Amino acid sequence: MKQLDWSNLPFGYMKTDKNVRILYKNGKWGEIEESDSEYIPMHIAATCLHYGQEAFEGLKAFRGRDGKVRIFRMEENAKRLQSSCHATMMPELPVETFCNMVERVVELNKSYIPPYESGASLYIRPLLIGTGAEIGVKPAKEYLFIVFVMPVGPYFKGGFAANAYALVRSFDRSAPLGMGKYKVGGNYAASLYAHHLAYDKGYGSEFYLDAREKKYIDECGAANFIGIKGNSYITPKSESILPSITNKSLMQLAADNGMTVEHRPVPLEELNELDEAGACGTAAVISPISRIDDIELDVSYVISKDGKPGPVLTKLYHQLRAIQYGDAPDTHGWVTVLDI
Ligand SMILES: *Cc1c(COP(=O)(O)O)cnc(C)c1O
């Protein structure tokens, strides 16, 4: 194992030993290849560069107390990538190829998988891009799928804590019938400015309302929103929300805990009735929300009076982490265990 300051690693790029790649050419996927290059040789007219023909995924592998490595729900990421492929007219990558490549790249870089005690993990980034040259707006004939990894530190370095969010009314991250429900790079380009504004004002992230009516909660930056009200787990349903695998897992755990799961449009005013709120995604699992400031209308929705995470989200956070690290039984078959 490498000697790194695992617990203090940021969420950032780091070179590891190998990445794995596969090319799509002449109407079919080729053979999986290993590479130690961090670069992609690419045509200047590649469709990913000009017309945004790209999609990505994000998932993690964890080293357990038992020394084994667990990859969390990778088939779900493979399926979500397929839905992004349809949306951007890229060829579908078989789930099996995706999973084989993820397992292989984790194994090839096993010396970078952080030790159990550090609370860190191995972040896995699959990326699919149109590499064929086209200058008319049309799908490429050639594609590259690549998976690379890097160790990332624990999201909460000072312990599980809550953040304030800035509601931005002047920006949408996606249109109601647009690409919001797909994990494509353009959505992130569209969010950079609003994120910068919020971050500059000291907020954890920006917070979006639905683009059509500005009445309902959409996403918290690049994370899904969750609210807790009494015994209910509430999460917004909309055409422009990315279906988070973390949220899907938390909904299941909430149901297992005997909670009522409400997946429906959530009006902004309902924030006043919530006991707890959080943002969820692979990076943090849950990032609790203390307060949401509607910075343009100058209204504040205080969720947590003491600024601390609430008990229900804290419990769900620990329950999901325990499954990921192998400290709790994997009753839903969510983890792929590698003996490496
Ligand atoms: C990736 C992503 C999420 C979180 O999805 P997970 O599968 O839980 O990591 C939420 N919202 C957006 C916009 C995303 O891109």
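Residues numbered from 1 in each chain as written. Predicted model: local features only at pLDDT ≥ 70, side-chain atom pairs only at ≥ 80, totals over all residues. Heavy atoms only, no water.

So, about the layout of surface pockets. If a probe the size of a water molecule is rolled over the atoms, the empty space left behind becomes visible. Looking at the largest pocket, its volume works out to about 1300 Å³. Around the largest pocket, the lining comprises 49 residues; the ones closest to its centre are F11, Y155, Y188, A222 and A283. When we break the lining of the largest pocket down by domain, the ones giving at least three residues each are domain 1 (6-152) and domain 2 (163-324). Its boundaries defined by the atoms lining it, the second largest pocket holds a volume of some 310 Å³. Those elements giving two or more residues to the lining of the second largest pocket turn out to be helix 2 (74-87) and helix 6 (245-256). Each of domain 1 (6-152) and domain 2 (163-324) gives at least three residues to the lining of the second largest pocket. (1 Å grid on protein atoms, 1.4 Å probe; cavity = no way out; pocket = protein on both sides within 12 Å on 5 of 7 lines; lining within 4 Å. Points joined across faces, edges and corners; volume = space filled by probe spheres on them. Domains from an automatic or database assignment. Helix = DSSP H or I, 4+ residues; strand = E, 2+ residues; numbered from the N terminus.)

Moving on to the pairing of strand 14 (residues 260-263). Inspection of the sheet shows strand 13 (residues 232-235) paired to strand 14 by four bridges, in the parallel sense. Note on strand 14: the bridge partner recorded for I234 is E262. For the crossover that starts at strand 13, traverses helix 6 and ends in the parallel strand 14, the hand is right-handed. (Pairing = 2+ DSSP bridges. Right-handed = clockwise from strand over helix to strand, strands pointing away.)

Along the chain, A46 falls in the loop between strand 3 (33-35) and helix 1 (47-51). Relative accessible area serves as the criterion here: at 0%, A46 is assigned to the buried category. Separated by 54 residues in sequence, A46 and N100 place their C-alpha atoms 26 Å apart. Contact partners of A46, with chain neighbours within four places excluded, come to G130, T131, G132 and A133. (Buried < 20%, exposed > 50% of the residue type's maximum accessible area, 1.4 Å probe, protein only. Contact = heavy atoms within 4.5 Å.)

A few words on the domain arrangement of the protein chain. Put simply, an interface is often sized by how much accessible area is lost when its parts join up. The domain boundaries assigned to the protein chain delineate domain 1 (6-152) and domain 2 (163-324). The C-alpha centroid of domain 2 is placed 26 Å from the C-alpha centroid of domain 1. Taken together, the contact pairs 20 residues of domain 1 with 18 residues of domain 2. When domain 1 packs against domain 2, the two sides together hide about 1700 Å² of surface, and 62% of this comes from carbon and sulfur. When the buried area of domain 1 at its contact with domain 2 is split by residue, F56, F72 and R80 rank highest and sum to 35% of it. Inspection of the region where domain 1 meets domain 2 yields one salt bridge. The partner of E76 in a salt bridge is K248, and the shortest N-O contact between them spans 2.9 Å. For the interface between domain 1 and domain 2, the tally reads eight residue pairs in polar contact (both at pLDDT 80 or more). Only strand 4 (54-56), strand 5 (59-63), strand 6 (69-72) and helix 2 provide two or more residues apiece to the side of domain 1 that touches domain 2. Per-element accounting of the side of domain 1 that touches domain 2 gives the leading share, six residues, to helix 2. Of the residues assigned to the side of domain 1 that touches domain 2, the class counts are seven nonpolar, six polar and seven charged. (Buried area = accessible area lost by both parts, 1.4 Å probe. Salt bridge = Lys/Arg side-chain N within 4 Å of Asp/Glu carboxyl O. Polar contact = N/O pair within 3.5 Å; in protein donor to acceptor, adjacent residues only side chain to side chain. Nonpolar A, V, L, I, M, F, W, Y, C, P; charged D, E, K, R; others polar.)

Another aspect to go through is the pairing of strand 12 (residues 223-229). Among the seven residues in strand 12, six count as buried, and that is most of the element. Inspection of the sheet shows strand 11 (residues 217-220) paired to strand 12 by two bridges, in the antiparallel sense. Among the inter-strand pairings, C220 is bridged to a residue of strand 12, identified as A223. Hairpin connection from strand 11 to strand 12: two residues lie between these consecutive antiparallel strands, with G221 at a positive phi of about 55°. With five bridges joining them, strand 12 and strand 15 (residues 276-281) adopt antiparallel strand pairing. Across the sheet, the residue bridging to G227 is A277, located in strand 15.

Around the ligand, a shell composed of 14 residues is seen, among which K183, Y188, S244, T246 and T282 lie nearest. For the ligand, a nitrogen atom lies 3.4 Å from a polar atom in the backbone of A222. At 2.6 Å from an oxygen atom of the ligand is found a side-chain nitrogen or oxygen belonging to T282. Taking 380 Å² as the accessible area of the ligand by itself, protein coverage stands at 96%. Applying the majority rule of atoms within 2 Å of the grid points places the ligand in the largest pocket. (Near = heavy atom within 4 Å. Areas by Shrake-Rupley, 256 points an atom, 1.4 Å probe, with all protein chains shown as cover. Sits in = over half its atoms within 2 Å of the grid points.)

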